[in-house]
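Below, each chain spelled out in residue letters.
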Amino acid sequence: MNDSESDYVEELEAFLIWMKDAGYTAYTQKSYLADVREFLEGLNSKPLGSVKKLHVVSYLTSVRERGVSDATRNRKHASINCLFKALIELELLSVNPAAGIKKSKTEKNREPVYLDEGDLQRFLSAIDGKYRSRNLAVFLLMSYMGLRVGEVHTLNLSDYNAERRLLRVFGKGRKWRNVPVPEDVAPYLEQAMKERLTPWRSKEEAMFISQKGRRLSIRGIQGIAAHTFGRFQKGVPEAHRRSYSSHKLRHSFATMLLRKGADLRTVQELLGHSSIQTTTVYTHITSREKEEAMARLQISMPMMEVSAIK
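Residues numbered from 1 in each chain as written. Predicted model: local features only at pLDDT ≥ 70, side-chain atom pairs only at ≥ 80, totals over all residues. Heavy atoms only, no water.

## A look at the overall build of the protein
A count of helical and extended segments in the protein gives 15 helices and three strands. Here the protein holds 310 residues, and 38% of them are scored as buried. When contacts within the protein are restricted to residue pairs at least 6 apart in sequence, those whose partners lie at least 24 apart make up 59%. In the form shown here, the protein has an accessible surface area of approximately 19000 Å², with 50% of it arising from carbon and sulfur atoms. (Helix = DSSP H or I, 4+ residues; strand = E, 2+ residues; numbered from the N terminus. Buried < 20%, exposed > 50% of the residue type's maximum accessible area, 1.4 Å probe, protein only. Contact = heavy atoms within 4.5 Å. Areas by Shrake-Rupley, 256 points an atom, 1.4 Å probe, with all protein chains shown as cover.)

Below is the structure:
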C-alpha cells in the first residue's frame, strides 16, 4: 500500500464491501479498485469530501492524453462514479462529483470483428494440448451459444440439465437466463464434464477447473483463446492478422444466428442483452450480401428499350 492509498483505507474498504454486497464479480471488483486507486493517487491526500467535478474531469482528461480508448476512459469514469455512489449510500459522503460528467462518444455502429462459419471451424480445429476437451467445450459455449467470458467462468456443474439439454447462465445485471444446448454441442460439454480436472477443494462446484485445481479464471480463458487464435492465424503475415479475442466468438454466434434468419428479439434473449439496441450492432451486412439481395429484385413490367429512354 502506497502513502496516498493509506489516506483512503476506510473508503476503499467500504467500496469493496459495497461492491460485494451489490453482487459485482471478483473481476469487476478488481478492475474498479485499480481505477479508483489510480484516481486517488492523483488527489495528493485531498479529503474525498473536498473533491470537485473539476478533479474528476482533470483525471479523465489525463487518462485520454495517455492514449487510452474511449471505452477505457468511460470505464474509469464508471469506477469513480461507483466509488462516490457507494460512499453516499454508506453515509460516508453526501455529494458525488463524478455524477453528470459526459461519457466519451464511442463508435456505436462500428462493425464487430467476427469469424464466419468456415473460420470458426478452423479456429476450433486449432485447439490443442492436454486440456483440449475442456477448452473445446469452453469455446463451443461462446461460439455456438453466445456466452460471455465471465459467464463461462461462473458456470457450475449444477447449471447444466443434461435431460433437457438446457444451461442456466448467470449474466450481466445479476440476471439468469436459460440457453438451449445445441444437439451437436452437448456431447462435447458432457465429455468435458466427464474429464473435469480434480479441484483443489472437494466442494468446488465450478464446471471448468484450471490445472492449478481452481475455477478457470477469466484471464485463463482469455489466455487460452489468445494462444489458439495465434495458432489459427499461423502463417498469416503480421500486417494482415486480425485482432481476435475470446469475445469475438460471441460476436460470431450472434452474426451466424441473424444470417440464418433468427429474429432480433430471439438473439437478444439468447445473448442476455437488456436492450435490443445493443443487439442491433450484429446486423452488419457484407457487400456480397447486399449485391445478392439487390440481384433478387425483379421488375415485372416490360422493360423499355434503352434507345427509347435516351
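Read on, since the account is not over.
## So, the packing of aromatic side chains
All told, the structure shown has eight aromatic pairs when counted by the stated rule. Relative to Trp 18, the ring of Phe 15 lies with its centre 6.3 Å away and its plane at 20°, an arrangement referred to as stacked. Within this pair, Phe 15 and its partner Trp 18 are both found in helix 2 (residues 9-22), separated by three residues, close to a single helical turn. Each member of the pair Phe 15 and Trp 18 is classed as buried. Centre to centre, the rings of Phe 39 and Phe 84 are 6.4 Å apart; their planes meet at 75°, and the pair counts as edge-to-face. With a gap of 45 residues between them, Phe 39 in helix 3 (residues 26-41) and Phe 84 in helix 5 (residues 70-89) connect regions that are remote in the sequence. You can call Phe 84 buried: its relative accessible area is 0%. Taken together, the ring pairs connect Phe 15, Trp 18, Tyr 24 and Tyr 32 into an aromatic cluster. Cation over ring: Arg 168 sits above Trp 176, and NZ or CZ is 4.0 Å from the ring centre. A cation over a ring is seen here: Arg 214 above Trp 200, with NZ or CZ 5.3 Å from the ring centre. (Phe/Tyr/Trp six-rings, centres within 6.5 Å; stacked < 30°, edge-to-face > 60°. Lys NZ or Arg CZ within 6 Å of the ring centre and 35° of its normal.)

## Let's talk about the nonpolar core
Counting residues in each nonpolar core, the largest one holds 46 residues, and the members touching the most others are Phe 139, Leu 141, Leu 167 and Phe 208. Going through the elements one at a time, helix 6 (117-125), helix 7 (132-143), helix 8 (149-154), strand 2 (166-170), helix 9 (186-194), helix 10 (218-232), helix 11 (247-259) and helix 12 (264-271) are the ones with two or more residues in this core. Looking at which element gives the most residues to this core, the answer is helix 7, with seven residues. Contact partners of Phe 139, with chain neighbours within four places excluded, come to Phe 123, Leu 124, Ile 127, Ile 221, Ile 224, Ala 225, Thr 228 and Leu 249. Among the nonpolar cores identified, the runner-up in size contains 27 residues, and Tyr 8, Val 36, Ala 98 and Ile 101 belong to it. (Core = buried A, V, L, I, M, F, W, Y, C linked by side-chain atoms within 4.5 Å.)

## Thoughts on the environment of Leu 157
Tracing the chain through its elements places Leu 157 in the loop between helix 8 and strand 1 (160-161). Measuring from C-alpha to C-alpha, the distance between Leu 157 and Glu 205 comes to 5.9 Å, with 48 residues separating the pair along the chain. Dropping the residues within four chain positions of it, Leu 157 is found in contact with Met 193, Arg 196, Glu 205, Ala 206 and Met 207.

## Some remarks on the sheet that holds strand 2
Strands sit in the order 1-2-3 across an open sheet of three strands; the sheet is antiparallel. Two strands close off the open sheet at either side, each with one partner strand: strand 1 and strand 3 (176-180). Direction of pairing for strand 1 relative to strand 2: antiparallel, over a ladder of two bridges. Each bridged residue has a counterpart across the sheet, and for Asn 161 the counterpart in strand 2 is Leu 166. (Pairing = 2+ DSSP bridges.)

## Examining the packing of helix 3 against helix 4 (residues 53-65)
As a packed pair, helix 3 and helix 4 sit with axes 10 Å apart at the nearest point and diverge in direction by 110°. Between helix 3 and helix 4, the angle falls in the class roughly perpendicular. Contact residues: helix 3 offers Asp 35, Glu 38 and Phe 39, while helix 4 offers His 55, Val 56, Tyr 59 and Val 63. Across the contact of helix 3 with helix 4, the residue classes break down as four nonpolar, one polar and two charged. (Axes fitted to C-alpha atoms, helices over the stretch in contact; angles between N-to-C directions. Parallel < 35°, antiparallel > 145°, perpendicular 65-115°, else oblique. Nonpolar A, V, L, I, M, F, W, Y, C, P; charged D, E, K, R; others polar.)

## Some words on the pattern of salt bridges
In total, this model carries 13 salt bridges according to the counting rule given. Among the ionic pairs, Arg 75 bridges to Asp 35, the shortest N-O distance being 2.8 Å. Here Asp 35 lies in helix 3 and Arg 75 lies in helix 5, a separation of 40 residues in the sequence. Linking Asp 119 and Arg 122 is a salt bridge whose minimum nitrogen-to-oxygen distance equals 2.2 Å. Of the two residues, Asp 119 and Arg 122 both sit in helix 6, three residues apart, roughly one turn of that helix. One salt-bridge network, in which partners are shared between bridges, spans Asp 35, Glu 38, Arg 66, Arg 75 and Lys 76. (Salt bridge = Lys/Arg side-chain N within 4 Å of Asp/Glu carboxyl O.)

## Considering helix 12
Within helix 12 the residues assigned to the buried category are Val 267, Gln 268, Leu 270 and Leu 271. Taken around the axis of helix 12, the buried residues stretch over an arc of 165°, which confines them to a single face. For helix 12, the secondary structure elements touched by its buried residues are strand 3, helix 11 and helix 13 (276-279). Sitting at the head of helix 12, Asp 263 places a side-chain oxygen 3.1 Å from the backbone nitrogen of Arg 265. Once helix 12 ends, the next one or two residues include Gly 272, with phi positive near 80°. (Arc of directions from axis to C-beta. Polar contact = N/O pair within 3.5 Å; in protein donor to acceptor, adjacent residues only side chain to side chain.)

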